[in-house]
Amino acid sequence: APVLRRVLGDDAELKSRHALIALPGTEAQHWHRDTEPLFPDAPPRPYAVNAFVYTEDLSDAARGATEFVPGSTRWPEIRDDGVERTFLFEAGTVVLADYRCVHRGGALRAGTEPRVVAMY
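Now for a description of the structure that goes with this document. (Residues numbered from 1 in each chain as written. Predicted model: local features only at pLDDT ≥ 70, side-chain atom pairs only at ≥ 80, totals over all residues. Heavy atoms only, no water.)

### With respect to the overall build of the chain
Right, so step 1: When helices and strands are counted, the chain shows one helix and seven strands.
Right, so step 2: Going from the N terminus to the C terminus, the chain shows its helices and strands as α-β-β-β-β-β-β-β.
Right, so step 3: Each of the three principal axes of the chain carries a C-alpha extent, and together these read 40 × 30 × 20 Å.
Right, so step 4: In the chain, which comprises 120 residues, the proportion classed as buried is 33%.
Right, so step 5: Long-range pairs, those at least 24 residues apart, make up 85% of the contacts in the chain with a sequence separation of at least 6.
Right, so step 6: As presented, the chain carries roughly 7,500 Å² of accessible surface, and 53% of it is formed by carbon and sulfur atoms.
Right, so step 7: With 14 positive and 18 negative side-chain charges, the chain shows a separation of 4 Å between the mean positions of the two kinds. (Helix = DSSP H or I, 4+ residues; strand = E, 2+ residues; numbered from the N terminus. Buried < 20%, exposed > 50% of the residue type's maximum accessible area, 1.4 Å probe, protein only. Contact = heavy atoms within 4.5 Å. Areas by Shrake-Rupley, 256 points an atom, 1.4 Å probe, with all protein chains shown as cover. Lys, Arg positive; Asp, Glu negative; His and termini not counted. Charge placed at Lys NZ, Arg CZ, Asp CG, Glu CD.)

Structure below.
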């Protein structure tokens, strides 16, 4: 919580918590933000943050690793410019991402078990 307070301020609140579950064979998600920008001109600092909690090792992109588009927090609208980056994480990793960051869950092409990511 100290990191979030530094980024968001002392009045930060938890707004939701859920699990993202992908079954084997699931296609990649569409590129998206988890909400539309609240302000016409993006403020320089985040006003909301997603916390992705990885419950398994995602050391293979075929297990549906999360893909983020660096710099997309300042885009007025979503576009696919081919600069996405796939990030691979160990179980227990927590990733904090600006709510405005364009991202998607990758396709689950390997393994027989579902992939679960907790989000806050």
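### Structural notes on the sheet that holds strand β6 (residues 103–105)
Right, so step 1: Here we have three strands laid out as an open sheet, ordered β4-β3-β6, and antiparallel in their pairing. The two strands at the open ends of the sheet, each matched to only one other strand, are β4 (85–86) and β6.
Right, so step 2: For strand β3 (residues 66–68) and β4, the ladder comprises two bridges, and the chain directions are antiparallel. Across the sheet, the residue bridging to Glu-67 is Thr-86, located in β4. (Pairing = 2+ DSSP bridges.)

### What about the side chain of Asp-98?
Right, so step 1: Counting through the fold element by element, Asp-98 comes out in strand β5 (residues 94–98).
Right, so step 2: Judged by relative accessible area, which is 16%, Asp-98 ranks as buried.
Right, so step 3: Only 2.6 Å separates the side chain of Asp-98 from the side chain of Arg-100, close enough to count as a polar contact.
Right, so step 4: Look past the residues within four positions of Asp-98 in its chain and what remains in contact with it is Pro-46, Ala-48 and Thr-73. (Polar contact = N/O pair within 3.5 Å; in protein donor to acceptor, adjacent residues only side chain to side chain.)

By themselves these figures say nothing about function.
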